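Spelled out from the first residue to the last, the chains are:
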Amino acid sequence: MTIKAHSTLLLTGAAGGLGAALRDRLKANCDMLRLSDRQEACSKLGPAQDHEVIVPADLADAVQVDRAVQGCQAIVHMGGMSVEGPFEPILQANILGVYNLYEAARNHRVKRVVFASSNHVTGFYKQSQTLTPAHPPRPDSLYGVSKAFGEDLASMYFDRYGIETACVRIGSSFPEPKDRRMLASWLSFDDLHRLITACLTTPVLGHTIIFGMSDNAVSWYDKASVRHVGYRPQDTSDVFKEAVYARTPEPDATDPAVQYQGGGFLFSGIPMTAHLSGHNGPKGK
Ligand code: NAI
Ligand code: 15L
């Protein structure tokens, strides 16, 4: 299968954790990989290597984003605030930022985007539930809301302008699961690349929502719902289970961070209030 579906591919958030993991892997998907991040973060990238060009851009700056997008055929959009925090930076990077990105994509006739959405779009579902993309969003944080906004914006740009997007609700993509929750949400870097490759190469993508996970034994998502793009995960968190159990305490089943899919994001950022009876917060809060 040819995976070099686009000659110039833009990777935003290139200096971040997933950007670093994808940098070498995505070179197989294009002739020229354009790496972008904020100016100050671009120093982490070092010099551009073969088949790379570095174009700094703050997502909140429409002119800079337009320049980064010009001449690209597809975008892997990893840039933005990746955790919960104050509203202003989320507004700038994730809401204004994703709008600027799609406006630039429209302006330069980019055909396809892989958007790093997040499991926190549906973080207020219980871990006992199995979700499909048809479940409505239940964001657990301002961060989750900003990702839901990006998904809806992508839908509008598909319906109005035909720009195809895979909104990949990434679970927890790290070298290995850090805790028991991540045994369900883990996505290996290789599977992330497999999933992005599938989204970039499938003949018809449309606007689609995909839960991005490895083939973990425990899953909160219907595994069949990712098959339409041709993604077949090859890794599993199961190989880490014993080690994770050994180094982490028995979870408190009454703790909402254990009951809900969003885990600790339920209690980060804006305060949880008493009206959420039954959501009493972690012990001591
Ligand atoms: P990260 O925080 O390591 O990287 C994000 C990058 O975006 C950083 O290099 C940062 O400088 C850049 N960025 C932030 N604000 C920006 C702005 N205004 N303009 C330009 N660039 C800006 O995050 P990570 O882990 O690499 O995640 C990448 C993407 O995947 C993020 O969008 C995150 O929300 C999403 N995601 C990641 C998950 C994970 O497990 N790593 C899980 C779910 C979603
Ligand atoms: C995310 O959306 C974050 O970007 C990442 O840092 C992890 O915290 C992940 O979700 C998670 O839920 O584990």
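Everything below is about the structure printed above this text.
Residues numbered from 1 in each chain as written. Chains lettered and ligands numbered in written order. Predicted model: local features only at pLDDT ≥ 70, side-chain atom pairs only at ≥ 80, totals over all residues. Heavy atoms only, no water.

Caption draft 1: Quick look at the overall build of the protein chain. The helix and strand inventory of the protein chain stands at nine helices and seven strands. Taken along its principal axes, the extent of the C-alpha atoms in the protein chain is 50 × 40 × 40 Å. Evaluated residue by residue, the protein chain yields a buried proportion of 51% over its 285 residues. Long-range pairs, those at least 24 residues apart, make up 69% of the contacts in the protein chain between residues at least 6 apart in sequence. Accessible surface, the protein chain as shown: approximately 12900 Å² in total, 55% of it carbon and sulfur. (Helix = DSSP H or I, 4+ residues; strand = E, 2+ residues; numbered from the N terminus. Buried < 20%, exposed > 50% of the residue type's maximum accessible area, 1.4 Å probe, protein only. Contact = heavy atoms within 4.5 Å. Areas by Shrake-Rupley, 256 points an atom, 1.4 Å probe, with all protein chains shown as cover.)

Caption draft 2: Seen up close, the packing of helix α3 (residues 62-69) against helix α4 (residues 87-107). Packing of α3 against α4 leaves a shortest axis separation of 9 Å and a crossing angle of 45°. Relative to α4, the element α3 lies oblique. Pair α3 / α4 crosses with right-handed handedness. In contact with A62, V65, D66 and V69 of α3, α4 contributes N100, L101, A104, A105 and N107. Split into classes, the residues belonging to the contact of α3 with α4 amount to six nonpolar, two polar and one charged. (Axes fitted to C-alpha atoms, helices over the stretch in contact; angles between N-to-C directions. Parallel < 35°, antiparallel > 145°, perpendicular 65-115°, else oblique. Left-handed = near helix turned anticlockwise from the far one by under 90°. Nonpolar A, V, L, I, M, F, W, Y, C, P; charged D, E, K, R; others polar.)

Caption draft 3: Summary view of helix α1 (residues 17-26). Along α1, the residues classified as buried are L18, G19, A21, L22, R23 and L26. The inward-facing, buried residues of α1 abut β1 (6-12), β2 (30-36), β3 (52-54), β4 (74-77), β6 (164-170) and α7 (189-201).

Caption draft 4: Expanded view of the pairing of β1. For β1, the tally of buried residues reaches six of seven residues, placing the bulk of the element in the interior. Relative to β2, β1 runs parallel, the two sharing six bridges. Its bridge partner being in β2, L9 is matched across the sheet by L33. Regarding the hand of the β-α-β motif, the stretch spanning β1, α1 and β2 is right-handed. Where β1 lies against β4, four bridges are found, and the strand directions are parallel. Residue pairing in the sheet places T12 in a bridge with H77 of β4. (Pairing = 2+ DSSP bridges. Right-handed = clockwise from strand over helix to strand, strands pointing away.)

Caption draft 5: Geometry of the site of ligand 2. All residues adjacent to ligand 2 are S82, S118, N119, H120, Y143, G171, S172, F174, R181, M182 and F265. Here N119 contributes a side-chain N or O atom positioned 3.1 Å from an oxygen atom of ligand 2. One of the side-chain nitrogen or oxygen atoms of H120 is found 2.7 Å away from an oxygen atom of ligand 2. In isolation ligand 2 has 320 Å² of accessible area, and contact with the protein removes 82% of it. Counted by class, the shell around ligand 2 contains four nonpolar, six polar and one charged residues. (Near = heavy atom within 4 Å. Polar contact = N/O pair within 3.5 Å; in protein donor to acceptor, adjacent residues only side chain to side chain.)

Caption draft 6: Summary view of the sheet that holds strand β7 (residues 207-212). Judged by pairing direction, the sheet is parallel, and its seven strands sit side by side in the order β3-β2-β1-β4-β5-β6-β7 without closing on themselves. At either margin of the open sheet sits one strand with a lone partner, and together these are β3 and β7. The mean angle between the axes of side-by-side strands here comes to 20°, regardless of whether they run parallel or antiparallel. For β6 and β7, the ladder comprises six bridges, and the chain directions are parallel. Looking at β7, one finds that C167 is bridged to I209. Each of β1, β2 and β4 is contacted by α3, which is oriented at about 165° to β2, the strand it contacts most. Packed on one face of the sheet, α4 meets β1, β4, β5 (112-118) and β6 and runs near 170° to β4.

Caption draft 7: Layout of the site of ligand 1. Around ligand 1, 27 residues are found, and the nearest of them are L18, D37, S82, Y143 and S173. Within the backbone of G17, one N or O atom sits 2.9 Å away from an oxygen atom of ligand 1. One of the side-chain N or O atoms of K147 is found 2.9 Å from an oxygen atom in ligand 1. Computed on the free molecule, ligand 1 has an accessible area of 820 Å², of which 87% lies beneath the protein chains in the complex.

Caption draft 8: Main features of unusual backbone geometry. One non-glycine residue, H51, lies in positive phi territory at about 60°. What makes H51 exposed here is its relative accessible area of 52%.

Caption draft 9: Layout of the side chain of H77. Within the secondary structure, H77 is located in strand β4. Polar side-chain contacts of H77 include one of 2.7 Å to the side chain of T12. Once residues within four sequence positions are removed from consideration, H77 is found in contact with T12, L59, V98, L101, V113, V114, F115 and A116.

Coordinates in, geometry out; function isn't part of it.
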